[in-house]
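Observations on the model geometry
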Amino acid sequence: MYSISSSAREQLRELANDIKERTQLFIGYPVATDFDYSEIYPLFNYFLNNIGDPNRDSLCRVNTREMEKEVISFYASMFRAPQDDVWGYITSGSTEGNLYGLLIARERYPDGIVYVSESSHYSVSKNAHLLRMPTIATKSQIHGELDYEDLRMSLAKNKSKPAIIVANIGTTMTEARDDIDMIRRVIEEVGIKQSHIHCDAALAGSYATFIKPRRSFDFADGADSIAASAYKFLGMPEPCGVIITRASLRVTHGDEVSYIGNLDSTISGSRSGHTALMAWYRLKQLGVEGIRRRYKQSLAVAAYTQHELEAIGWSTWRNPGALTVMLASPPLALVTKWQLATDNGWSHILCMPGITKERIDMFISELASASST
Ligand SMILES: *Cc1c(COP(=O)(O)O)cnc(C)c1O
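Brief notes about the side chain of His196
Along the chain, the position of His196 falls in strand β5 (residues 195-200). A polar atom in the side chain of His196 sits 2.9 Å from the side chain of Ser225.

Okay, here's the thing in structure tokens:
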């Protein structure tokens, strides 16, 4: 067997220590940190590749396709997709999921216009650019939700073109959620007959169905495609996500590819079999009730954080049901130390699972002493 030098081993040890420490101070990004996948470690000594369409057999037999299908049906049922017309696959994350959503929309409506809210994630306009789709930026309201009146005006000016709307189910910065019912009503009132609603549910997709007050966002509400990042709320050592849509909208390139013995219906060719395995394992651990409980616990930490910030007189607010707590930007040293994303004078704390009240207390006391000096 091969082995590494002692200096390389030292480097590895340092990395492990650094990462451990940095993870403790990781409160500004939407990633859960409370997980343990050691039960499936043995499979990390094997190559696993879910190349091609998850619903078809492939010549490549070292795969976790069965698990991938279970993950997709778990999300499909959370998203109330029609059981007889649903399809999806595990992506590398929601950037790819959003790309697939826009691809579907473009195949349906080649002359459609993409309406992107100014609070949307940067991957949306990047993907529209990759696909050469014309886009119109729409305004968002002060807390990040789509400005439906502004959308109405933009749609009215382009009534003759199909409308492709990207709705946010949890914006990156403030976790604002758009309302699919409202969007559909606006499209209808303007008189546009052809439309596609893609939900970017990267952030909140894994728990959106449990948020109160409920916002319309899923297939039963009228979404055409939904992308979600599985690693964010569930917690995994590696990014991955899902794209779910109606089976009739799946985009395939040509006939079966003989080299892989499968349909080429995904963006990437080779796809990780390990992320599918991890997502499957995590969903087996949690189940629907586990996710619901997890969301409630995180929500309590978010409410606590907001309360403690108010107690020291620090400006803070939070969208209804959100795990994202907005706060006036702390001094730069704290922003750096606690890895807080900052925009326009505001920063945020994401109360994802793994963040404890003790961790929040530690941050708040540093904030209180930094602001009193
Ligand atoms: C994280 C995120 C994305 C991108 O997802 P990746 O998994 O990083 O590719 C897209 N949209 C929103 C709203 C996000 O929060």
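Side note on a nonpolar patch on the surface
A cluster of nonpolar side chains, contributed by Ile4, Leu12, Leu15 and Ile19, occupies part of the molecular surface with about 360 Å² of accessible area. Tracing the chain through its elements places Ile19 in helix α1 (residues 6-24).

Side note on the packing of helix α5 (residues 148-157) against helix α6 (residues 180-190)
At a closest axis distance of 10 Å, the pairing of α5 and α6 adopts a crossing angle of 35°. Where α5 crosses over α6, the handedness of that crossing is right-handed. In this structure, α5 contributes Tyr148, Leu151, Arg152, Leu155 and Ala156 to the contact, and α6 contributes Met182, Ile183, Val186, Ile187, Glu189 and Val190. Looking at the contact of α5 with α6 residue by residue, the classes come out as nine nonpolar, no polar and two charged.

Some details on the site of the ligand
The ligand sits among 14 residues. The nearest are Thr95, Asp200, Ser229, Tyr231 and Lys232. Ser94 places a main-chain nitrogen or oxygen 3.0 Å from an oxygen atom of the ligand. Separating an oxygen atom of the ligand from a side-chain N or O atom of Lys232 is a distance of 2.8 Å. Out of a free accessible area of 380 Å², the ligand has 88% covered by protein chains. Every element with two or more residues in the shell around the ligand is listed here: α3 (94-108) and α7 (230-234). Residues that form the shell around the ligand fall into these classes: three nonpolar, nine polar and two charged.

A closer look at the environment of Gly101
Counting through the fold element by element, Gly101 comes out in helix α3. Residue class for Gly101 comes out buried when judged on its relative accessible area of 0%. Along the primary structure Gly101 and Glu149 are separated by 48 residues, whereas in three dimensions their C-alpha atoms are 24 Å apart. In this structure, Gly101 is in contact with His196, His198, Ser225 and Ile243, ignoring residues within four places of it in sequence.

Notes on the packing of aromatic side chains
Under the definition given, this model contains 14 aromatic pairs. Relative to Tyr100, the ring of Tyr89 lies with its centre 5.5 Å away and its plane at 80°, an arrangement referred to as edge-to-face. Highlighted residues: Tyr89 in strand β1 (residues 87-91) and Tyr100 in helix α3, separated in sequence by 11 residues. A relative accessible area of 0% places Tyr89 in the buried class. Aromatic side chains Trp338 and Phe363 sit 5.4 Å apart centroid to centroid with 75° between the ring planes, which places their arrangement in the edge-to-face category.

So, the pattern of salt bridges
Two side chains carrying opposite charge are able to pair once their charged atoms lie near each other. Counting across every chain of the model gives 22 salt bridges. The salt bridge partner of Arg152 is Glu149, with a shortest N-O separation of 3.2 Å. Of this pair, Arg152 and Glu149 both sit in helix α5, three residues apart, which is roughly one turn of the helix. With a shortest N-O distance of 3.9 Å, Arg215 and Asp179 are connected by a salt bridge. One end of the pair, Arg215, is in the loop between β5 and β6 (225-229); the other, Asp179, is in the loop between β4 (163-168) and α6, with 36 residues separating them in the sequence. Owing to a relative accessible area of 25%, Arg215 belongs among the partly exposed residues under this scheme. One salt-bridge network, held together by shared partners, links Arg80, Arg214, Asp218 and Asp221.

Rules and cut-offs
Residues numbered from 1 in each chain as written. Predicted model: local features only at pLDDT ≥ 70, side-chain atom pairs only at ≥ 80, totals over all residues. Heavy atoms only, no water. Helix = DSSP H or I, 4+ residues; strand = E, 2+ residues; numbered from the N terminus. Polar contact = N/O pair within 3.5 Å; in protein donor to acceptor, adjacent residues only side chain to side chain. Patch = residues over 30% accessible without salt bridge, like charges linked within 9 Å, V, L, I, M, F, W, Y side chains within 5 Å. Areas by Shrake-Rupley, 256 points an atom, 1.4 Å probe, with all protein chains shown as cover. Salt bridge = Lys/Arg side-chain N within 4 Å of Asp/Glu carboxyl O. Axes fitted to C-alpha atoms, helices over the stretch in contact; angles between N-to-C directions. Left-handed = near helix turned anticlockwise from the far one by under 90°. Contact = heavy atoms within 4.5 Å. Nonpolar A, V, L, I, M, F, W, Y, C, P; charged D, E, K, R; others polar. Near = heavy atom within 4 Å. Buried < 20%, exposed > 50% of the residue type's maximum accessible area, 1.4 Å probe, protein only. Phe/Tyr/Trp six-rings, centres within 6.5 Å; stacked < 30°, edge-to-face > 60°.

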